[in-house]
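Next come the chains, spelled out residue by residue.
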Amino acid sequence: MRKLLLIAAPLALLASPVLAQSSTGNVIVNGAVASRCLFTTNSKTITITELAQTGTGAGAGSLDAATVNGRNETLVGWCNSSASTMTVTATPLTNVASVATGFVNRVDYTATANANSVNATDTSVGALAAGTPANVGLFTGNVLVTLSAASTAAGLLVAGAYAGNVAVTLAPAI
């Protein structure tokens, strides 16, 4: 019987269940979104059919500032970063015609862009450079561009087409 017990004991150990061991591995998933700004409506035109005062009075032929001041157009854009900025660069309305004494071919103005209740401004007077950046932050919606403070040097406006530009730049945080 003792032999039987010695033989049966190892067999019993082989037949007993082995405890299972489990283990969990992890896969970390990371993602990122780059800071961006985008105009979804990036171009509009302000057309001023007559820049000069009409009639026969003393100011006839010189700039009628009221035809420029208050004119506006709306761009549409967005920025997805809280540190995004907006700048404005205004170039004067100019006519390529040669000017003679007593005539001018340039109309200066101030351009203001408003987005997210923040204004960025530039004037076309002086060097062609962007105005001071304004922090517009995280926003989506309208960018209202308005012209004001129209002026010229003393003189009559040369006849012909005048063209200028207001560049509004939205820049994401870097």
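Residues numbered from 1 in each chain as written. Predicted model: local features only at pLDDT ≥ 70, side-chain atom pairs only at ≥ 80, totals over all residues. Heavy atoms only, no water.

### Let's talk about the overall build of the protein
Thinking step 1. For the protein, the count of helices and strands is one helix and ten strands.
Thinking step 2. For 174 residues, the compact-globule estimate of 2.2 N^0.38 gives 16 Å, and the protein exceeds it by more than 25% at 36 Å.
Thinking step 3. By its C-alpha atoms, the protein is 140 × 25 × 25 Å across when sized along the principal axes.
Thinking step 4. Within the span of the protein, comprising 174 residues, buried residues form 28% of the whole.
Thinking step 5. For the protein, long-range pairs separated by at least 24 residues make up 76% of all intrachain contacts whose partners lie at least 6 apart in sequence.
Thinking step 6. With an accessible surface of roughly 11,200 Å², the protein has 58% of that area assigned to carbon and sulfur atoms.
Thinking step 7. Mean positive and mean negative side-chain charge positions of the protein (6 and 5 charges, respectively) differ by 47 Å. (Helix = DSSP H or I, 4+ residues; strand = E, 2+ residues; numbered from the N terminus. Rg over C-alpha atoms; globule rule 2.2 N^0.38 Å. Buried < 20%, exposed > 50% of the residue type's maximum accessible area, 1.4 Å probe, protein only. Contact = heavy atoms within 4.5 Å. Areas by Shrake-Rupley, 256 points an atom, 1.4 Å probe, with all protein chains shown as cover. Lys, Arg positive; Asp, Glu negative; His and termini not counted. Charge placed at Lys NZ, Arg CZ, Asp CG, Glu CD.)

### Some remarks on the pairing of strand β5 (residues 106-115)
Side-chain direction in a regular strand flips from residue to residue, so the side chains alternate between the two faces of the sheet.
Thinking step 1. Counting buried residues in β5 gives eight out of ten residues, a clear majority hidden from the surface.
Thinking step 2. When strand β3 (residues 85-94) meets β5, the two strands line up antiparallel, connected through two bridges. If you follow T94 over to β5, its bridge partner there is R106.
Thinking step 3. Two elements, β5 and strand β8 (residues 139-151), share six bridges in a ladder whose sense is antiparallel. Paired with T110 across the bridge in β8 is S148.
Thinking step 4. Here β5 pairs with strand β6 (residues 118-123) via six bridges, running antiparallel. By the bridge assignment for β6, T112 is matched with T121.
Thinking step 5. Two successive antiparallel strands, β5 and β6, enclose a turn made up of two residues, where N116 displays a positive phi of approximately 55°. (Pairing = 2+ DSSP bridges.)

### Let's talk about the pattern of salt bridges
Thinking step 1. Going through the model one piece at a time under the given rule, you end up with two salt bridges.
Thinking step 2. With a closest N to O distance of 3.7 Å, K44 and E73 form a salt bridge. Within this pair, whereas K44 is found in the loop between β1 (37-41) and β2 (72-79), its partner E73 is found in strand β2, the two being separated by 29 residues in sequence.
Thinking step 3. With a closest N to O distance of 3.0 Å, R106 and D108 form a salt bridge. (Salt bridge = Lys/Arg side-chain N within 4 Å of Asp/Glu carboxyl O.)

### A word on a nonpolar patch on the surface
Thinking step 1. Judged by side-chain polarity, V99, F103 and L156 come together as a nonpolar surface patch covering roughly 230 Å² of accessible area.
Thinking step 2. Along the chain, the position of F103 falls in strand β4 (residues 103-104). (Patch = residues over 30% accessible without salt bridge, like charges linked within 9 Å, V, L, I, M, F, W, Y side chains within 5 Å.)

### Considering the side chain of S81
Thinking step 1. With respect to the element layout, S81 can be found in the loop between β2 and β3.
Thinking step 2. Its relative accessible area of 10% is what places S81 among the buried residues.
Thinking step 3. Contact partners of S81, with chain neighbours within four places excluded, come to S35, G137, L138 and A173.

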